[in-house]
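# Analysis of the macromolecular model
The lines below spell out each chain.
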Protein chains: 2
Amino acid sequence: MNNFEYSNPTKLVFGKGQISKIGQLMKDKAGEGAEILVVYGGGSVVKNGILADAEKSLTEAGLKFIPFGGVHPNPSIEKVYEGIDIARKNNVKAILAVGGGSVIDTAKAIALGVPYDGDVWDFFLQKATPKTALPVAAVLTIPAAGSEQSIRVVINGNGRKLGIGTPVIRPFVALIDPEYFFTLPQNQIRAGVIDMMSHIMERYFTPTKNTDFVDGQAEAAMRSIMKNGLIVEKDPKNYDAWSQLGLAGSFAHNGYYSLGQVEDWASHGMEHELSAWNDHITHGLGLAVVTPAWLEYVTPKNPERVAQFAVNVMGVKPQETPEKTAEAGIEALRKFYKEMGAPATLKDIGAENVDIHKLAEKAVMIPGKLGNFVPLKAEDIEKIYALMR
Amino acid sequence: MNNFEYSNPTKLVFGKGQISKIGQLMKDKAGEGAEILVVYGGGSVVKNGILADAEKSLTEAGLKFIPFGGVHPNPSIEKVYEGIDIARKNNVKAILAVGGGSVIDTAKAIALGVPYDGDVWDFFLQKATPKTALPVAAVLTIPAAGSEQSIRVVINGNGRKLGIGTPVIRPFVALIDPEYFFTLPQNQIRAGVIDMMSHIMERYFTPTKNTDFVDGQAEAAMRSIMKNGLIVEKDPKNYDAWSQLGLAGSFAHNGYYSLGQVEDWASHGMEHELSAWNDHITHGLGLAVVTPAWLEYVTPKNPERVAQFAVNVMGVKPQETPEKTAEAGIEALRKFYKEMGAPATLKDIGAENVDIHKLAEKAVMIPGKLGNFVPLKAEDIEKIYALMR
């Protein structure tokens, strides 16, 4: 295990009916009568009344607010610029995101941009390091990205999808009501479950040794995600299963599962290039295509770790060699994705004709390589993309 | 799962050599040139140089400090009063605890008392609710109590050992260097491992239903504690094993393992009466006597939960009935305590002649019953004490 510093001050407000608290929570942070920017996506939070409930609570707490809707999946830097402009003109003191990862990430990027003199895209190009941000709170409507407790933000711009991490944008409140997930479209359920599973895998597959405690935590979390993911896939109004997923998805990405260890992030990097190439590719579904191919490619470099995953997470019986155990584990993971109704190949996500050579070159552009469990060059990544055909 | 709010802002600073950061961390909180009260116990932190290292770092950060040593196990309210007096007279801005649970709890109680007009013991009698406290940081020298990240404080006074929980005393920094544990006396290693295990059990044995995610986290943590506890019992200079225990012990008591669920605390309550009766009884060793007897007594009320513990934590094979599985699990727990070199009966801890009737009456005095997994009256508690003979 490596030395580390860790702090996660996000207040998690969890359970049905908690939305009525959001006004007071925002007031405690932003001050009496402050102006709040309310960021959201399309029509679903309007139709299901979550946005109205949040706004009612803000009004009851004596706050003013500006609704800022229209955030799309794979959120764009243009929308971020628009939000920064509105927030500055209206002297906004804090941002409330009501939505999933794209909405929360847009809110975070706006929060970074408002107090910054330069172009907020500088941060994503790693030309500048964020020093401060407006406070962000998140009302979660899709449990997937884990952005509601995380220091990460991912934005699409100039044909790329780039992510950074900085503690200044960790939300001060994450409000999770499992009932909000009852009406999610089937594809978002699938994508969400696969994404939260991947957030733990990106940490679990580490070059760091002697990680017994965190290993056990991560393995148990992944088992719980798979078990409850399969329940909500069939029974989308199951409060108990959504409660477990709401918790798991949020902790999956807050740093707990990589305490003292190096993270990987190669699968996310490869998927990001796919959904930057075509923003109709849903991130979580793209991950279902990328992850088994990546595991297959890296297994020869560290078969013991993949075998541990196979036994402790996928429930595979140990075979004669770690390689064979690993292989059985990857097969079991593919089976799980299939049971969740997820795609398996580039063709399944409409990307059979993508130029994988160009994609691989882009994936290593910043910072020159991809991943840490097994560091990958462009030529490795191209081979991994080829395995997805 | 129940609705909940949770936030743990403690900054965990983990790994070898981290002590040199403590001065800057204290300065960030207490301000330039502030006066710090440094609370510690007996001679061990003097002999092994940890205290000197901490004080050197404070000096390098330009802070002043007052050493306040002599805290004993099962810390007394008299010592707390003394610390409050010194802190007030010297306009102390923050407290640095260098030690284990007793030292950190003394620091917390002083922190509560300094800004409070009345008698700090009022809080422990639940006559008053704390509203504020001085900031506390903790340099951990014994991984056991989990006080370095917790909202709990336990103090002995007027023949009783009473604990309360309040977020205002959660330390702002917990510094954990696994090398500090290499020279612990064998009995403190044992007691520490058993105590951290118990902190998770007190949460795991809950009346709350549908806790799949947290169950898995708690079960994995307990397995890791047992595995690494047995390693350090034989090899006390094993950095990797102590790293896992340092992490596990700290998370065991920060609230993570009871998110959305009611906690129990009957075993701690019963043990506290034993070590209030004779403060030479080490808390962790007392728990090894109390816990199996408690489990035996409560099994008939909820055999399924004890059986789940038996299978998922103790690695017992399911038997014909949950009761039998539970019984095998309790036997396995007793075996683990024995392997750790812990006592098993009241006689082993020199308490064969204690008046168990009087002890049981005291244990339910506040707030009228003990425990939540199975709520216990004085007559139940007396029967449980009788099982420890």
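Everything numeric in this text was worked out from a predicted model, so none of it was measured.

### Some points on the relation of the copies chain A and chain B
For the pair chain A and chain B, the superposition axis carries a translation of 0.0 Å, the fit reaches an RMSD of 0.0 Å, and the rotation angle comes to 180 degrees. The symmetry that links the two subunits is that of a two-fold axis. Distance from the rotation axis, computed per C-alpha, reaches its smallest value in chain A at proline 9 of chain A: 2.0 Å. Same-surface contact between copies: 100% of interface residues of chain A are shared with the interface of chain B.

### Some points on the pairing of strand S7 (residues 160-165) of chain A
In the case of a regular strand, side chains alternate between the two sheet surfaces. Residue and element names in this part refer to chain A. Bridge count for strand S6 (residues 152-157) against S7 is 6 bridges, and the pairing is antiparallel. Opposite isoleucine 155, over in S7, you have leucine 162 as the bridge partner. Following S6, the chain reverses through 2 residues before pairing antiparallel with S7; asparagine 158 in that reversal takes a positive phi of roughly 55 degrees.

### Observations concerning helix H11 (residues 283-298) of chain A
Residue and element names in this part refer to chain A. Between its first and last C-alpha, H11 extends 21 Å over 16 residues, near the 22 Å set by a 1.5 Å rise per residue. Considering bend angle alone, the principal kink of H11 is centred on valine 289 and spans about 25 degrees; proline proline 292 follows within four residues of it. The element H11 is extensively covered by neighbouring structure, given that 15 of its 16 residues are classed as buried.

### Here we look at the nonpolar core
Counting 289 residues, the largest nonpolar core has Met270 and Phe309 of chain A together with Met270 and Phe309 of chain B as its most contacted members. If sequence neighbours within four positions are ignored, phenylalanine 309 of chain B has contacts with Met197, Met201, Tyr204, Phe205, Met222, Leu295, Met314 and Leu333 of chain B.

### Structural notes on the pattern of salt bridges
Once their charged atoms are close, side chains differing in charge can pair, the charge on each being opposite to the other. For the structure shown, the criterion picks out 28 salt bridges over all chains. Close ionic contact of glutamate 331 of chain A with arginine 334 of chain A constitutes a salt bridge, the shortest N to O distance being 3.8 Å. Of this pair, glutamate 331 of chain A and arginine 334 of chain A both sit in helix H13 (residues 322-339), separated by 3 residues, roughly a single helical turn. Take glutamate 331 of chain A: its relative accessible area is 46%, and that puts it in the partly exposed class. If you follow the salt bridges from partner to partner, you end up with Glu5 of chain A together with Lys11 and Lys21 of chain B in one network.

### Focus on the sheet that holds strand S5 (residues 136-140) of chain B
In spatial order, the strands read S3(A)-S2(A)-S4(A)-S5(A)-S8(A)-S1(A)-S1(B)-S8(B)-S5(B)-S4(B)-S2(B)-S3(B); together these 12 strands make up an open sheet with mixed pairing. At either margin of the open sheet sits one strand with a lone partner, and together these are strand S3 (64-68) of chain A together with strand S3 (64-68) of chain B. Pairwise comparison of adjacent strand axes, ignoring direction, gives a mean angle of 20 degrees for this sheet. Sheet topology places strand S4 (residues 94-99) of chain A next to strand S5 (residues 136-140) of chain A; 5 bridges connect them, and they run parallel. Looking at S5 of chain A, one finds that isoleucine 95 of chain A is bridged to valine 136 of chain A. Of the strands in this sheet, strand S2 (35-40) and S3 of chain A touch helix H4 (residues 77-89) of chain A, which is tilted by about 160 degrees from S3 of chain A. In the packing of helix H1 (residues 22-30) of chain B onto the sheet, the strands contacted are strand S1 (4-14), strand S2 (35-39), strand S4 (94-99), S5 and strand S8 (173-176) of chain B, and the crossing angle to S4 of chain B comes to about 150 degrees.

### Things to note about the packing of helix H8 (residues 212-234) of chain A against helix H9 (residues 239-251) of chain B
Two quantities define a packed helix pair, namely the angle between the axes and the distance from one axis to the other. At a closest axis distance of 8 Å, the pairing of H8 of chain A and H9 of chain B adopts a crossing angle of 50 degrees. In terms of orientation, H8 of chain A and H9 of chain B fall into the oblique class. Of the residues in H9 of chain B, those in contact with Asp212, Phe213 and Val214 of chain A of H8 of chain A are Gln244, Leu247 and Ala248 of chain B. Looking at side-chain class alone, the contact of H8 of chain A with H9 of chain B contains 4 nonpolar, 1 polar and 1 charged residues.

### A few points about the interface of chain A and chain B
Between chain A and chain B, the residue contacts involve 40 residues of the former and 40 residues of the latter. Those elements that provide at least two residues to the side of chain A that touches chain B are strand S1 (4-14), H8 and helix H9 (239-251) of chain A. Of the residues assigned to the side of chain A that touches chain B, the class counts are 18 nonpolar, 14 polar and 8 charged. In the sheet, S1 of chain A pairs with S1 of chain B via 7 bridges, with the strands oriented antiparallel.

### What to know about the side chain of serine 57 of chain B
In this structure, serine 57 of chain B sits in helix H3 (residues 50-60). If we skip the residues at most four places from it in the chain, serine 57 of chain B touches Ile19, Ser20, Lys21, Ile22 and Gly23 of chain B.

### Brief notes about the packing of aromatic side chains
Applying the stated criterion across every chain, the model contains 27 aromatic pairs over all chains. Seen in terms of ring centroids, phenylalanine 14 of chain A and phenylalanine 4 of chain B are 5.1 Å apart; in terms of plane orientation they differ by 15 degrees. Their pairing is stacked. Taken together, the residues span two chains, with phenylalanine 14 of chain A in strand S1 and phenylalanine 4 of chain B in strand S1. Classification of phenylalanine 4 of chain B as buried rests on a relative accessible area of 9%. In this structure, lysine 79 of chain A packs its charged tip against the face of phenylalanine 68 of chain A, placed 4.6 Å from the ring centre.

### A short note on the environment of alanine 221 of chain B
Of note, alanine 221 of chain B is situated in helix H8 (residues 212-234). Along the primary structure alanine 221 of chain B and glutamine 244 of chain B are separated by 23 residues, whereas in three dimensions their C-alpha atoms are 9.4 Å apart. Setting aside residues up to four positions removed in sequence, alanine 221 of chain B forms contacts with Phe213 and Gln217 of chain A together with Ile200 and Tyr257 of chain B.

### Focus on the environment of valine 38 of chain B
One can find valine 38 of chain B in strand S2. Between the C-alpha atoms of valine 38 of chain B and alanine 94 of chain B, which are 56 residues apart in sequence, the distance is 9.0 Å.

### Quick notes on helix H3 (residues 50-60) of chain A
For an α-helix, the turn length of 3.6 residues means that residues three or four places apart are oriented alike. All names here are of chain A. Three or more residues of H3 are buried, namely Ile50, Leu51, Ala54, Glu55, Ser57 and Leu58. For H3, the angular spread of buried residues about the axis comes to 155 degrees, placing them on one side. Away from the buried face of H3 by more than 90 degrees, exposed residues Lys56 and Glu60 are located. Check the buried side of H3 and you find it contacts helix H1 (22-30), S2, helix H2 (44-47), S3, S4 and S5. Directly after H3, the chain includes glycine 62, whose backbone phi takes a positive value near 80 degrees.

### What to know about unusual backbone geometry
Its identity as a non-glycine residue notwithstanding, asparagine 210 of chain A has a phi of 60 degrees, on the positive side. With respect to the helices and strands, asparagine 210 of chain A occurs in the loop between helix H7 (186-204) and H8. Located in the positive-phi region is tryptophan 265 of chain B, a residue other than glycine, with phi close to 75 degrees. Inspection of the secondary structure puts tryptophan 265 of chain B in the loop between H9 and helix H10 (266-277).

### Points about the packing of helix H10 (residues 266-277) of chain A against H11 of chain A
Residue and element names in this part refer to chain A. Across the interface, H10 lies against H11 with an axial gap of 9 Å and an inter-helix angle of 130 degrees. In terms of orientation, H10 and H11 fall into the oblique class. Considering how the two elements wind past one another, H10 and H11 form a crossing that is right-handed. Contact with H10, carried on its side by Ala266, Ser267, His268, Met270, Glu271, His272 and Leu274, involves His283, Gly286, Leu287, Val290, Thr291 and Trp294 of H11 and no other residues of that element. Here the residues of the contact of H10 with H11 are counted per class, giving 6 nonpolar, 6 polar and 1 charged.

Conventions and cut-offs
- Residues numbered from 1 in each chain as written.
- Chains lettered and ligands numbered in written order.
- Predicted model: local features only at pLDDT ≥ 70, side-chain atom pairs only at ≥ 80, totals over all residues.
- Heavy atoms only, no water.
- Least-squares fit on C-alpha atoms with pLDDT ≥ 70 in both.
- Contact = heavy atoms within 4.5 Å.
- Pairing = 2+ DSSP bridges.
- Helix = DSSP H or I, 4+ residues; strand = E, 2+ residues; numbered from the N terminus.
- Expected span 1.5 Å × (residues − 1).
- Bend = angle between axes of the 7 residues up to and from the residue.
- Buried < 20%, exposed > 50% of the residue type's maximum accessible area, 1.4 Å probe, protein only.
- Core = buried A, V, L, I, M, F, W, Y, C linked by side-chain atoms within 4.5 Å.
- Salt bridge = Lys/Arg side-chain N within 4 Å of Asp/Glu carboxyl O.
- Axes fitted to C-alpha atoms, helices over the stretch in contact; angles between N-to-C directions.
- Parallel < 35°, antiparallel > 145°, perpendicular 65-115°, else oblique.
- Nonpolar A, V, L, I, M, F, W, Y, C, P; charged D, E, K, R; others polar.
- Phe/Tyr/Trp six-rings, centres within 6.5 Å; stacked < 30°, edge-to-face > 60°.
- Lys NZ or Arg CZ within 6 Å of the ring centre and 35° of its normal.
- Arc of directions from axis to C-beta.
- Left-handed = near helix turned anticlockwise from the far one by under 90°.

Interpretation note: all reported values are geometric properties and have no functional meaning in isolation.
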